[in-house]
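Remarks on the overall topology
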Amino acid sequence: MAWLQISLQIESAYADQVAEAFDILGAAAVTLEDAEDSPLLEPAPGETPLWPHVIVTGLFGADDLQRLLLLQQTAVWGLRQGFHLSRVLERAWEREWLKDFHPMRFGHHLWVCPGDQFPGHDDDAVTLKLDPGLAFGTGTHPTTALCLDWLEAHRPEGLRVVDFGCGSGILAIAAALLGARSVHALDIDPQALSATIINARKNGVDQKIRVSAASGPIPDCDLVVSNILAGPLMALAPVFARALQAGAGIVLSGILSGQADVVADAFGPWFHIDDRTERDGWVCLAGHRLEAD
């Protein structure tokens, strides 16, 4: 089956209006993507994750050109800065994606594997199965990779772990597979929560992982892992401090190299940063909770 793909480039302020128009016109799917090259990984709590300029795409049946005529009669048509129309052949999109996603090793023995692929010769392999989904986090981005490396090197055996901003659930699942007693996965995005539940079941650790919205206080724990962005991390420093006792661990990622010092300073009143690792311009900070004053 072929599809008709209609894309409008607009300012982000109008993205919801255009997406709603596509829904009303009967789009089988609506997607939003960056129209430029603006980095965005995780919004601050309560914010909408949008770039300054957005391409909104609606997917319609191949013979649905009437939808384009109807779209041209709506108010959102006048908001466009660009327009593109194309036909798309039906493909096994998940399989296509997986062709570029192969087993990846983190640390010595932690492997993230797609589909039915498995790691090579590693008798001590800890295997995390992960297929493409709606939420951020496959291990390919340096921010996620840095956290996975840290978890493999400092296995959270017997610890209560919180993954704040869980995305696909990859860090929460890794912690559970690496011996955590329990894991609490939190996110502001409902799609992330759904993805985490599904992926936890695939890995047989759903009984260890509790998934819930990131609202209210952080549960008491022994380790917080958070891969979001520098701004939200700094705002959350006192919140994380209240959840952790002296000596408990903190792992922070999603930080550009030029932001590392200011993030470390924001956590300074409550945490000592013991470790700083960098990859491709991104930094992961790890440390422990100081004694309360």
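Let's shift gears to the pairing of strand β13 (residues 271-279). Note: β13 against strand β14 (residues 282-289), eight bridges, orientation antiparallel. Of the residues in β14, the one forming a bridge with Arg-279 is Trp-282. Remark: two residues form the turn of the hairpin made by β13 and β14, two consecutive strands paired antiparallel; Asp-280 in that turn has positive phi of roughly 50°.

Time to look at the layout of surface pockets. One number sums up the size of the second largest pocket: a volume of about 180 Å³. In terms of lining, the second largest pocket is formed by 14 residues, of which the most central are Trp-150, Leu-223, Gly-249, Gly-287 and His-288. Among the residues making up the lining of the second largest pocket, the classes are represented as six nonpolar, five polar and three charged.

A cluster of nonpolar side chains, namely Leu-65, Phe-83 and Leu-85, defines an oily patch on the protein surface of about 240 Å² accessible area. Inspection of the secondary structure puts Leu-85 in strand β4 (residues 82-89).

Within the element layout of this structure, His-184 appears in strand β9 (residues 182-187). A polar atom in the side chain of His-184 sits 2.8 Å from the side chain of Ser-212. When residues no more than four places from it in sequence are discounted, the contact partners of His-184 are Val-161, Val-162, Asp-163, Arg-210, Ser-212 and Pro-219.

Criteria and thresholds
Residues numbered from 1 in each chain as written. Predicted model: local features only at pLDDT ≥ 70, side-chain atom pairs only at ≥ 80, totals over all residues. Heavy atoms only, no water. Pairing = 2+ DSSP bridges. Helix = DSSP H or I, 4+ residues; strand = E, 2+ residues; numbered from the N terminus. 1 Å grid on protein atoms, 1.4 Å probe; cavity = no way out; pocket = protein on both sides within 12 Å on 5 of 7 lines; lining within 4 Å. Points joined across faces, edges and corners; volume = space filled by probe spheres on them. Nonpolar A, V, L, I, M, F, W, Y, C, P; charged D, E, K, R; others polar. Patch = residues over 30% accessible without salt bridge, like charges linked within 9 Å, V, L, I, M, F, W, Y side chains within 5 Å. Areas by Shrake-Rupley, 256 points an atom, 1.4 Å probe, with all protein chains shown as cover. Salt bridge = Lys/Arg side-chain N within 4 Å of Asp/Glu carboxyl O. Polar contact = N/O pair within 3.5 Å; in protein donor to acceptor, adjacent residues only side chain to side chain. Contact = heavy atoms within 4.5 Å.

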